[in-house]
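Each chain, letter by letter, is given below.
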Amino acid sequence: MLCSGLDEVDFTIYAVTAAPEVRLRYELPPNARRIVHVPLWGAVEPPDYILAELPAAEVRARREATTPEAIESGFVPLLGRLLGEMHAARADIEAGGGPAVWLMWRFFQHHDWRTAWKSPLTWRAFVAEMGLAAAERDDDEQPTVDDLTNALQLLYNLLLPLSAPLPRADLVHTTIAGFPGLAGVIACCEHGTPFLVTEHGVWVRERYISVSTASLSGFLKRFLMDLSTHVARLNYLCAAVVSPVTGYNVRWELHYDVAAEKVQAIPNGVDPAVFVSRPKPEETRGRPTVVAAARIFALKDIETMIRSAAVARESLPEVDYRVYGALDADPPYVERCRALIAELGLEDTFALAGHHSNPAGLFAEGDISVLSSISEGFPFTVLESMACARPVIATDVGGVREALEGFGIVVPPRDHVALGAAAVRLLRDDDLRAHLGRQAREHVLARYRTAHMVDAYRELYGRLADRRRPALADREPVFA
Amino acid sequence: MIGTRTRTEPTQEGLVELARLVAVRTGKPLDAWAVAAALESEGVRDVDAVERYGRRDVFDLAGAVYPLAVGASAERIPSEAPAARPPAHPSAPRACLRGAFFFVPLAIQAASLVVLGYSQWASLDFSLAQASTIAVAVGASFIVTAGGAQALGYLGPVFDGSGKHGLTERVTYRMLLTGLAVALVVGLTLGLLGTLSGAYPAGLVRVGVVYYMLLSALWLVTAALYMIRAYAAMVLATLSGLAVAGALRSGAGVGIYAAQWAGLGISVLVSVGWAAARLRRRTRATTGERRLARMPPLATMRRQAAPYFVYGTLYFGFLFFDRIIGWTAGEHPLPVWFRTPYELGLDGALVSIVLGMAFLEVLVTALPALTETLQERTRARELADHNRAHGRFHARQLVVIGALLATGIAGVYFATQGLAQMAGLHEVRALLSDPVTRSVFAWGVAGYALLCLGLANAVFLFSLARPWSVVRALVPALAADAAVGLALSRTGPYWHSVFGLTAGALVFVVASGAAVRRVAREADYAYYASF
């Protein structure tokens, strides 16, 4: 949307993805000139996908330059510095002349990623460093050999953006204050490029939720959160502007050293010409239908939605729930959902329907839509449903209340009874549903149009592009 | 900030209830931020923190709940016992049986030779010239295709492991086609050389090339079956090929060449059909983003598969090297002259080590399981114990293999002695009393037993992703095989080439053993580097 809307801006898409195999879900506009793809994981060496874009002579030169001496004197100290920075204050990072990730990126413009990370020198240094730190840990966070192996391997994969070439730009804009934002951190340090951080959720909060509930040892949870927190903090420190999509998220950002004057909230917007009010299709007409657009994974709390469907079915036996969204984000969670559907006997009531090719048509299939997330920013799906005049029942997380209050129903998260009861109420009351639907669409037209969002970013881009600073080596203070 | 209290004193009961909730959701919370995130995901808002708990906001509330949640997580009895982990690998006897299963197709061929007088590529009625030509075809087909087969055996599971079955299917076809193309080029070159040099009659060359191509195709598709663990299909392919050859030869009186070629062709078709159907089915069952999987860069695949390719070529080269050296010694009608007593001695030696070789399959599954267990149980400060345990485990496995080898060798020895004593088996007695056969058997047993121990070392090195260490051990082994075999077979009787096999195997076991000791000393690093 942003690329299409800002057709006077040339974009290079820096895509950090989990796997090397990705499908473009949207047609790229002509001003999206180039895609730099950085996959973090894969069946075979992910760094090779990055190397494949380089001339063979450069790849060879990098490998030859990565001698044991270069690793010992160049890379190992940087690794130690990174591990130290994970617990360091802003002042300490500044005093060191800049963040270790930037210096690592510089190192890997001339050296080979795998050779350096997989060197015995690197492993021994990491083990020694972690051994020293272990003395300060509780007994349940003492690392095993497996923990250290996984921890260093996590660094190897998650920091892969540090091996990628950095496209030159007048401005770097990230949509998450996480590992993809490292490109902005490096650009800020290397070239003084202005860096804009947009947060749809709050990455650190979401990491806390997912890492806390993951099947990991105490040591790995701590390590992963220390790393994530450090990376998020670097994003915030280097950003010229942090633009959350909802004011609610600012609370977290302020706690992570974001200066209040750097924050400028820009809410999401939808295209009301695409998301229009349509009658229900033949297929679902005559049956009370609840739709949801959500990838099936834990943060969306689909289990609560399933339980709420059981509550709704008690009053409306013919109710039909359809959840559209990718099923491969967390396969074990999908299986848990399927098992719950079977356990509650909801096979004819609740469908995990997979990806829907037409988001605008998706909401037309239902009478209402539902969002059961336990963490959100300012969800597009809520706005899209509102634009389609389909009233929304959503959990009270992130900026949901900001968008929905007065135009839908907000319920506490993880409360399947409240969610189910609200669905029954709306499905039974045609007048209320129609009224809320109309009101919701008008509200979107007034406040959350794509054009509003694009204009806000246009103004911000123009302002930031003029704020290039000297490269980090030549400036004080280090961070914006 | 977190931990700062404001306004009214909260009720302790409410905080304890929240702490219990957090402990149930997250276990022991990492810090107060983790508690704040958990509280928000439970629907606790700033307004709730103020109105219900008398705190300034959620962060302030989290600061108060955090120590209570740590306490609650320590008291909490797990709601359910940890699920029993499924066995990571099959039991040792089962794995051993699977290892022995690989010899079943060969055993079927041997049984067919005894019962029908011919197998899929051998016949008791062949002249020495025919047998010699076909023996060259068999050896060449193994050596030329072994590299590709090993590379496929490595690459296929890499994709399978991540559920990208479409890539497994594509890489299988790509490797099969490339392997066939290479085999064809090598076959035509050898055939041309044989014809142009005048060393072989043109008719024999043509026969040899046909056997060579059919066998090359068979080994390649068998590698695909092995890769997808379709063990039953290997037996089915062998049996159906033999059935067709038998029906044509013994039933319809068709010539031996045509019958065997038809049989080999059927084996290839059955194997290809089975592999293709299985691969297709798995690709169709692939869902989500995995369907979009694209091939990694060619250079990556080449680099990763290269050591396995080189290993396969060298290993099968080693298996046939002493025969080539022995059979090219002296003056004969053809440059390579098949020697039945030598072949029988080596075949007997090979049968003797089946038990030991079968046990290697146990190692293949047990080693990764051991490493995983040790990794999870050993504290980082006890790294030395972790590494010593690897070394000790491997030493114990070598002792077990040694015992199995001794048992197998004794079994074959006494079985053949028993056979020789049985009335009516004059031919067996004559064969076994051949001094060349007996000597080749004895030295062959020593060579193969050492090779088996070397392979146990190789399994250890492969399991910690050290394939080049195996290659580095095989190179001097081949050199020793060549040097000793050539020196002794050219200065003494031809069969002294078997000493090359024994010497080479000894070098292999020593060199690979040294590599194992080096890797085991830093098994912690080797495991990390293997990812």
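Predicted model only: the values in this text are computed from it and were never measured.

Draft legend 1. How the structure looks around the overall build of chain A. Secondary structure summary: chain A contains 21 helices and 11 strands in total. Relative to the 2.2 N^0.38 estimate, which gives 23 Å for 480 residues, the radius of gyration of chain A is 24 Å and therefore close to what a compact globule would have. Along the first, second and third principal axes, the C-alpha atoms of chain A reach 75 × 50 × 40 Å. The proportion of buried residues among the 480 residues of chain A is 59%. Relative to all contacts within chain A whose residues are 6 or more apart in sequence, the contacts with residues 24 or more apart total 71%. With 49 positive and 63 negative side-chain charges, chain A shows a separation of 3 Å between the mean positions of the two kinds.

Draft legend 2. Examining the overall build of chain B more closely. From N to C terminus, chain B includes 20 helices and zero strands. Radius of gyration (C-alpha) of chain B: 31 Å, far over the 24 Å computed for a compact globule of 531 residues. C-alpha extents for chain B along the principal axes are approximately 105 × 45 × 45 Å. Put simply, of all contacts in chain B between residues at least 6 apart along the chain, 80% involve residues at least 24 apart. Charged side chains in chain B number 45 positive and 31 negative. The centres of these two groups are separated by 7 Å.

Draft legend 3. Layout of unusual backbone geometry. Residue and element names in this part refer to chain A. Positive phi outside glycine occurs at D257, with the angle close to 70 degrees. Structurally, the position occupied by D257 is in the loop between α13 (247–255) and β6 (289–293). Residue classification places D257 among the partly exposed residues on the basis of a relative accessible area of 36%. For A389, which is not glycine, the phi torsion reads 65 degrees and is therefore positive. Among the structural elements, A389 can be located in the loop between α17 (380–387) and β10 (392–395).

Draft legend 4. Quick look at the interface of chain A and chain B. The interface of chain A with chain B comprises 56 residues on the first partner and 47 residues on the second. Summed over both sides, the interface of chain A with chain B buries roughly 4900 Å², with 54% coming from carbon and sulfur. Three residues stand out in chain A for area buried against chain B, namely E21, V145 and H255 of chain A, and they jointly supply 14% of the buried area on that side. Summed over the shared surface of chain A and chain B, the number is seven salt bridges.

Draft legend 5. The arrangement of the packing of aromatic side chains in detail. For the structure shown, the criterion picks out 40 aromatic pairs over all chains. Ring plane angle 70 degrees and centroid distance 4.9 Å describe the contact between F75 of chain A and W117 of chain A, whose orientation is recorded as edge-to-face. Remark: W117 of chain A occurs in helix α7 (residues 113–117) and F75 of chain A occurs in helix α4 (residues 68–85); sequence separation between them is 42 residues. For the pair F75 of chain A and W117 of chain A, a shared accessibility class is recorded, and that class is buried. Pairing F179 of chain A with W203 of chain A gives two aromatic rings, centres 5.5 Å apart and planes at 90 degrees, and the pair type is edge-to-face. Taken together, the residues F179 of chain A in the loop between β3 (172–174) and α10 (182–191) and W203 of chain A in helix α11 (residues 203–212) connect sequence positions 24 residues apart. A relative accessible area of 5% places F179 of chain A in the buried class. Grouped by ring-pair contacts, the aromatic residues W121, F142, Y154, W219, Y308, Y311, Y315, F316, F320 and F462 of chain B constitute a single cluster. Its guanidinium or amino end placed over the ring of Y248 of chain A, R251 of chain A lies 4.1 Å from that ring's centre, counting from NZ or CZ. One cation-aromatic arrangement involves R295 of chain A over F297 of chain A; the distance from NZ or CZ to the ring centre is 5.7 Å.

Draft legend 6. Representation of the sheet that holds strand β5 (residues 241–244) of chain A in the model. Residues and elements named next belong to chain A. Across the sheet, three strands lie side by side as β3-β4-β5; this open sheet has parallel pairing. Edge positions in the open sheet fall to β3 and β5, since each of these has one partner strand only. Between one strand axis and the next, the sheet turns by 15 degrees as a mean value, whatever way the strands run. With respect to the sheet, helix α21 (residues 450–465) is in contact with β3, β4 (195–199) and β5, its orientation differing from that of β4 by roughly 155 degrees.

Draft legend 7. Examining helix α15 (residues 331–343) of chain A more closely. All names here are of chain A. With 13 residues, α15 extends 18 Å from end C-alpha to end C-alpha; this agrees with the ideal 18 Å at 1.5 Å per step. Among the residues of α15, those classed as buried are Y333, V334, C337, L340 and I341. For α15, the angular spread of the buried residues around the axis is 120 degrees, confining them to a single face. Facing away from the buried side of α15 by over 90 degrees, the exposed positions are P332 and E343. Of the residues trailing α15, G345 is marked for its positive phi of about 65 degrees.

Draft legend 8. Broad picture of the packing of helix α14 (residues 302–315) of chain A against α15 of chain A. Residue and element names in this part refer to chain A. Where α14 contacts α15, the two axes come as close as 10 Å, and the packing angle between them is 10 degrees. Relative to α15, α14 is oriented roughly parallel. The segment α14 lies against α15, with I302, E303, I306 and R307 engaging Y333, R336, C337, L340 and I341. Per-class residue counts for the contact of α14 with α15 are six nonpolar, no polar and three charged.

Criteria and cut-off values
- Residue positions are counted from 1 within each chain, in the order its sequence is given.
- Here every chain gets a letter starting at A, and every ligand a number starting at 1, in the order they are written.
- In keeping with the predicted nature of the model, local features appear solely for residues at pLDDT of at least 70, side-chain atom pairs appear and are counted solely at 80 or more, and the whole-chain, interface and lining totals rest on all residues.
- Excluding hydrogens and water, the side-chain figures rest on all heavy atoms present in the structure.
- Labels follow the DSSP assignment, with helices taken as runs of H or I lasting at least four residues and strands as runs of E lasting at least two, numbered in each case from the N terminus.
- Using C-alpha atoms as the atom set, the radius of gyration is obtained and then compared with a globule rule of 2.2 Å times the number of residues to the power 0.38.
- Relative accessibility thresholds used throughout: buried, under 20% of the residue-type maximum; exposed, over 50%; partly exposed, between the two (1.4 Å probe, protein chains only).
- Contact definition: two residues touch when any of their heavy atoms are within 4.5 Å.
- The charged-residue count follows a simple rule in which Lys and Arg add positive charge and Asp and Glu add negative charge, with His and chain termini not counted at all.
- Every charge is mapped to an atom, namely NZ of Lys, CZ of Arg, CG of Asp or CD of Glu.
- Buried area is understood as the total, over both parts, of accessible area removed when two parts are fitted together, assessed with a 1.4 Å probe.
- Salt bridge, as used here, is a side-chain nitrogen of Lys or Arg placed within 4 Å of a carboxyl oxygen of Asp or Glu.
- Ring pairs are drawn from Phe, Tyr and Trp, using the six-membered ring of Trp, whenever the two centres fall within 6.5 Å, and their geometry is named by plane angle: stacked under 30 degrees, edge-to-face over 60, tilted for the rest.
- Each ring is checked for a lysine NZ or an arginine CZ that lies within 6 Å of its centre and within 35 degrees of its normal; such an atom marks a charge sitting over the ring.
- Two strands are counted as paired when DSSP detects at least two bridges linking them.
- Only C-alpha atoms enter the line fits that serve as axes; for helices the fit covers just the stretch in contact. Angles between N-to-C directions range over 0 to 180 degrees.
- For a helix, the expected span equals 1.5 Å multiplied by the number of residues minus one.
- The arc under discussion is defined with respect to the helix axis, by the directions toward the C-beta atoms.
- Here the angle decides the label: under 35 degrees means roughly parallel, over 145 means roughly antiparallel, 65 to 115 means roughly perpendicular, and every other value means oblique.
- Charged means Asp, Glu, Lys or Arg here, nonpolar means Ala, Val, Leu, Ile, Met, Phe, Trp, Tyr, Cys or Pro, and polar covers whatever is left, Gly included.

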